[in-house]
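# Observations on the three-dimensional arrangement
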Amino acid sequence: MIGSKATVLLSLLALAPISAAPGHAEGAGGHQGHQQHQGDDAQPYAGQQTRRIKSLSDADIAELRAGKGWGFALPAELNGWPGPAHLLELAPQIGLSGAQIEQVRQIHREMAAEAQQAAEVFIAAEERLDQAFASGNPDADQLRRLVSEAGAARADLRYVHLYRHLQTVQFLSGEQIAAYNRLRGYAADPCDVVPDGHDPAMWRMHNNCE
């Protein structure tokens, strides 16, 4: 009888659904049953565990160390505040004067130098946070300090980039700012549509339409 009952019990267990281990009922995205998904969706970070700093790729580190924006200045850029790097690229189309170009170059040089210094602080802070988990068992106080340091370093670096957008608009005309935003794809070309109430010829002349 015992053998028979054991056989029945094993058969029932084989048919029962397998539950996730405690703490793994939901995947990284918070969806139940995540363990049933196959393919890349189930392994969004696969391969990243080999990074020297888990939160930063080699490409991220290279861009940061080169003083590039890393998307930090988007609140300014996408709200119509030109940045120095793209101003230099578009200088002929925007009609920057020689004096304006030199001003932009100076701002860009200062930004690049400060950004590179701030980037090293940010990268080092991220590395310390990474190593706390890689080499030990950080307590709550240590974790709070490391997260705060990384956050402050990131904020300082972001300020370096955003501040330069404040500087550039001080010596640009409204027409030049409008041209920048049009050329960057953020605004419609005024030559394409003449607003109601405006004389088409005068409108096109004032907006330098050919």
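Below or above, wherever it landed, is the structure these notes cover. In this text, all values refer to a predicted model and were calculated from it rather than measured experimentally.

### So, the overall build of the protein
- Scanning the protein from N- to C-terminus turns up 9 helices and 0 strands.
- Going from the N terminus to the C terminus, the protein shows its helices and strands as α-α-α-α-α-α-α-α-α.
- Looking at the protein as a whole, 29% of its 210 residues are labelled buried.

### Thoughts on the packing of aromatic side chains
- Applying the stated criterion across every chain, the model contains 3 aromatic pairs.
- Residues Tyr159 and Tyr163 carry aromatic rings whose centres are separated by 5.6 Å and whose planes lie at 10° to one another, so their mutual orientation is stacked. Here the residue Tyr159 and the residue Tyr163 both occupy positions in helix α7 (residues 140-168), the gap between them amounting to 4 residues, near one helical turn.
- An aromatic cluster is built from Trp70, Phe72 and Phe122, whose rings are joined through pairwise contacts.

### A word on the packing of helix α2 (residues 58-65) against helix α6 (residues 98-135)
- At a minimum axis distance of 8 Å, the contact between α2 and α6 shows a crossing angle of 145°. Here Ile61, Leu64 and Arg65 of α2 come into contact with α6, specifically with Ala115, Gln116, Ala119, Glu120, Phe122 and Ile123.
- Residues belonging to the contact of α2 with α6 are distributed by class as follows: 6 nonpolar, 1 polar and 2 charged.

### With respect to a nonpolar patch on the surface
- There is a patch of nonpolar side chains on the surface, built from Trp81, Tyr159, Tyr163 and Leu166 and spanning about 400 Å² of accessible area.
- Mapped onto the elements, Leu166 comes out in helix α7.

### Some points on the nonpolar core
- Counting residues in hydrophobic clusters, the biggest one holds 16 residues, and the most contacted among them are Leu56, Leu64, Phe122, Ile123 and Leu157.
- Secondary structure elements with two or more residues in this core: α2, α6 and α7.
- Among the elements that line this core, the one with the most residues is α6, at 7 residues.
- Not counting residues up to four positions away in its chain, the partners in contact with Phe122 are Leu56, Leu64, Trp70, Ala150, Ala153, Arg154 and Leu157.
- Core analysis: the second largest hydrophobic core is formed by 12 residues, Leu87, Leu90, Ala179 and Tyr180 among them.

What counts, and at which threshold
Residues numbered from 1 in each chain as written. Predicted model: local features only at pLDDT ≥ 70, side-chain atom pairs only at ≥ 80, totals over all residues. Heavy atoms only, no water. Helix = DSSP H or I, 4+ residues; strand = E, 2+ residues; numbered from the N terminus. Buried < 20%, exposed > 50% of the residue type's maximum accessible area, 1.4 Å probe, protein only. Phe/Tyr/Trp six-rings, centres within 6.5 Å; stacked < 30°, edge-to-face > 60°. Axes fitted to C-alpha atoms, helices over the stretch in contact; angles between N-to-C directions. Contact = heavy atoms within 4.5 Å. Nonpolar A, V, L, I, M, F, W, Y, C, P; charged D, E, K, R; others polar. Patch = residues over 30% accessible without salt bridge, like charges linked within 9 Å, V, L, I, M, F, W, Y side chains within 5 Å. Areas by Shrake-Rupley, 256 points an atom, 1.4 Å probe, with all protein chains shown as cover. Salt bridge = Lys/Arg side-chain N within 4 Å of Asp/Glu carboxyl O. Core = buried A, V, L, I, M, F, W, Y, C linked by side-chain atoms within 4.5 Å.

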